[in-house]
Structure formats: C-alpha cells, structure tokens
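So the chains spell out like this:
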Amino acid sequence: MICLDPGHGTPPAIGRQTEPIGPGSRVMKIKDGGGAPGEAQVALAIGLKTRTLLRRSGFRVAMTRSGPTTTLGNVARAHFCNVRHAALMIRIHADGSPDPSSHGFKTLYPALHRGWTDDIYAASLRAAGDVQRASIRATGALDLGLFPRDDLTGFNWANVPAVLVETGFMSNPRESRLLKTGAYQLKVARGLVAGTEAFLRR
Ligand SMILES: [Zn+2]
C-alpha cells in the first residue's frame, strides 16, 4: 500500500484551524495555509497520474485527497496513511518563492526527533534519496537535493516512512507552465513511481 497525499485543498474555514505540530506538542500550526497559487490543482493532477501508474505496476494505493477539496488537516492526513500501514507516504507539493528565477525539484524528509520520527527517520531518508534521484532522471529538473524538516506536522505525526516532494516552483514562469501540463505531470509521476520501486526493492 502506497499512500499519496496531494497537498492543500483544505477549505479556508478548516485550513485556518490549528493543530499540534507533533504528538504531545504545545506548538500549534495552521492546518493548511493554502500553498502557492495553483499548487493544490497541480499536486492533485500529479497524484492522480501517480496512482494510475502505481496501480498499473501492481501496487495498492490510497489517497488522502482525490478531489479538489478535503476536510483533512495534516494530523489527519498522517493518520490516514498510518492506519493503512503504508509502505510509503508521498506528500506532493510545489514550491513558491519571491524570487521568480528560483526553480528545481527537492525532496523533504522528517528530521530526527526522538519520540516523533525516530521510528521512520532512516527509512524516510532512504526513500527521499530514491525518489529525488528517480524524479530528476524522469523530469530533467534542476536537482536541489534533500532537506530534513522538523517543523512539518504531516511528518511528525507519521508512523510510516514519509517524504514530501516539492515538484517545482509555481513562482517560476517556465516551471509553473510545465507543471500545469499533463505531459510534465506524467514525467513527475513516472519519477515518483520509479523512486517508490527503488525504495521498496532495498
Ligand atoms: Zn505546499
């Protein structure tokens, strides 16, 4: 079972609510800041294409969101993948930057935090490397590398290996145009599938 989590799409009334950044934490974070302009639609389109390809390769797939909106915050998204005992949770996003020249593909993984991510840290880091490498090969995007994050609710609540792909910059005119095309979304999806397969072969 692979769990796909296309980012955002939580309506503002719910998205503005806050939730603890990790189990037992008093640090609260907004459920969904909405993402970069156009990001939610791009993330969903890539997620649906990835689901199709994964199923074709024989995987079972669950998606936290398969339509334009969801009521799930990031705690609920992690829980959704946890209860399904996913072999991997892939969180699909696109980036935004005040600098329109910023572009490229990066993969985030959970930073090591005792009690929160120590159970998934090593596997998530391996998955991040596999997914990043395969995605760069499939898309030809600039390789921005891997980034550990300790501030992402969806990582800190995950009990299954988890990665988050920033598939490109919505703020970069060329990359944003590419990310909105079915052809490029399919390239990203192929990369995510190849990365998943490499990770599971280990
Ligand atoms: Zn995002």
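Here, the structure is the one placed above.
Everything quoted here is computed from the prediction, not taken from an experiment. (Residues numbered from 1 in each chain as written. Predicted model: local features only at pLDDT ≥ 70, side-chain atom pairs only at ≥ 80, totals over all residues. Heavy atoms only, no water.)

Visitor: What's the story with the overall build of the protein in this structure? I'm lost.
Guide: Within the protein, the regular secondary structure consists of 7 helices and 8 strands. Computed over the C-alpha atoms, the radius of gyration of the protein is 15 Å, within 12% of the 17 Å expected from 2.2 N^0.38 for a compact globule of 202 residues. The C-alpha extent of the protein, read off along each of the three principal axes, is 40 × 40 × 30 Å. The burial tally for the protein puts 54% of its 202 residues in the buried class. Contacts spanning at least 24 positions in sequence make up 78% of the contacts within the protein whose residues lie at least 6 apart. About 9,000 Å² of surface is accessible on the protein, with carbon and sulfur atoms providing 54% of the total. Taking the average place of the 26 positive charges on the side chains of the protein and the average place of its 15 negative ones, the gap between the two points comes to 7 Å. (Helix = DSSP H or I, 4+ residues; strand = E, 2+ residues; numbered from the N terminus. Rg over C-alpha atoms; globule rule 2.2 N^0.38 Å. Buried < 20%, exposed > 50% of the residue type's maximum accessible area, 1.4 Å probe, protein only. Contact = heavy atoms within 4.5 Å. Areas by Shrake-Rupley, 256 points an atom, 1.4 Å probe, with all protein chains shown as cover. Lys, Arg positive; Asp, Glu negative; His and termini not counted. Charge placed at Lys NZ, Arg CZ, Asp CG, Glu CD.)

Visitor: Please clarify how the pairing of strand β5 (residues 88-95) should be interpreted in this entry.
Guide: For a regular strand, the rule is simple: side chains alternate between the two faces of the sheet. Counting buried residues along β5, 8 of its 8 residues qualify, which places the element largely inside the surrounding structure. The alternating pattern of β5 places L88, I90, I92 and A94 and M89, R91, H93 and D95 on opposite faces, both of which are buried. Both strand β1 (residues 2-6) and β5 contribute to a ladder of 5 bridges, which runs parallel. Residue pairing in the sheet places I2 in a bridge with L88 of β5. (Pairing = 2+ DSSP bridges.)

Visitor: Can you walk me through the state of the cysteines in this structure?
Guide: Put plainly, a disulfide is one covalent bond tying together the sulfur atoms of two cysteines. Here the structure, examined in full by the defined rule, presents 1 disulfide. Linked covalently through their sulfurs, C3 and C81 form a disulfide whose S-S length is 2.1 Å. The disulfide joining C3 to C81 has a torsion of about -70° about its S-S bond and is therefore left-handed. Of the two residues, C3 sits in strand β1 while C81 sits in helix α3 (residues 74-83), which places them 78 residues apart along the sequence. We classify C3 as buried; its relative accessible area is 0%. (Disulfide = S-S within 2.5 Å.)

Visitor: Would you mind showing me how to read the coordination of the zinc ion here?
Guide: Working reference: metal with six octahedral donors, ideal angles 90 or 180 degrees; metal with four tetrahedral donors, ideal angle 109.5 degrees. The protein atoms that coordinate the zinc ion are H8 (NE2), E39 (OE) and H93 (ND1), at distances of 2.0 to 2.1 Å. Mapping the donors of the zinc ion onto the primary sequence yields the spacing H-x30-E-x53-H. Of this pair, H8 sits in the loop between β1 and α1 (12-15) while E39 sits in helix α2 (residues 39-56), placing them 31 residues apart in sequence. For the pair formed by H8 and E39, the shared burial category is buried. (Donors = N, O, S within 2.8 Å, 3.2 Å for Na, K, Ca; no water.)

Visitor: I tried to follow the packing of helix α4 (residues 121-139) against helix α7 (residues 182-201) on my own but got confused; where do I start?
Guide: How two helices sit against one another is set out by the angle between their axes and by the gap between those axes. Interaxial distance between α4 and α7 falls to 7 Å at its minimum, and their mutual angle equals 140°. Regarding the angle of α4 to α7, the classification is oblique. As for how α4 packs across α7, the hand of that crossing is right-handed. Counting all contacts with α4, which are made through A123, R126, A127, D130, V131, A134, S135, A138 and T139, the residues of α7 involved are Y184, K187, V188, R190, G191, L192, A194, G195, T196, A198 and F199. Per-class residue counts for the contact of α4 with α7 are 11 nonpolar, 5 polar and 4 charged. (Axes fitted to C-alpha atoms, helices over the stretch in contact; angles between N-to-C directions. Parallel < 35°, antiparallel > 145°, perpendicular 65-115°, else oblique. Left-handed = near helix turned anticlockwise from the far one by under 90°. Nonpolar A, V, L, I, M, F, W, Y, C, P; charged D, E, K, R; others polar.)

Visitor: I keep staring at the packing of aromatic side chains and nothing clicks. Help me out?
Guide: For any pair of aromatic rings, the description rests on two quantities: the centre-to-centre distance and the angle between the ring planes. Applying the stated criterion to the full structure yields 1 aromatic pair. Where Y109 meets Y121, the ring centres are 6.3 Å apart and the plane angle is 50°; that geometry is what we call tilted. Placement of the pair is Y109 in strand β6 (residues 105-110) and Y121 in helix α4, with a sequence separation of 12 residues. By relative accessible area, which is 25% here, Y121 ends up partly exposed. If you follow R91 out to its NZ or CZ, it ends over the ring of F155, 5.2 Å from the centre. Sitting over the ring of F147, K106 keeps its end group 5.7 Å from the ring centre. (Phe/Tyr/Trp six-rings, centres within 6.5 Å; stacked < 30°, edge-to-face > 60°. Lys NZ or Arg CZ within 6 Å of the ring centre and 35° of its normal.)

Read these as layout, nothing more, since geometry by itself doesn't imply function.
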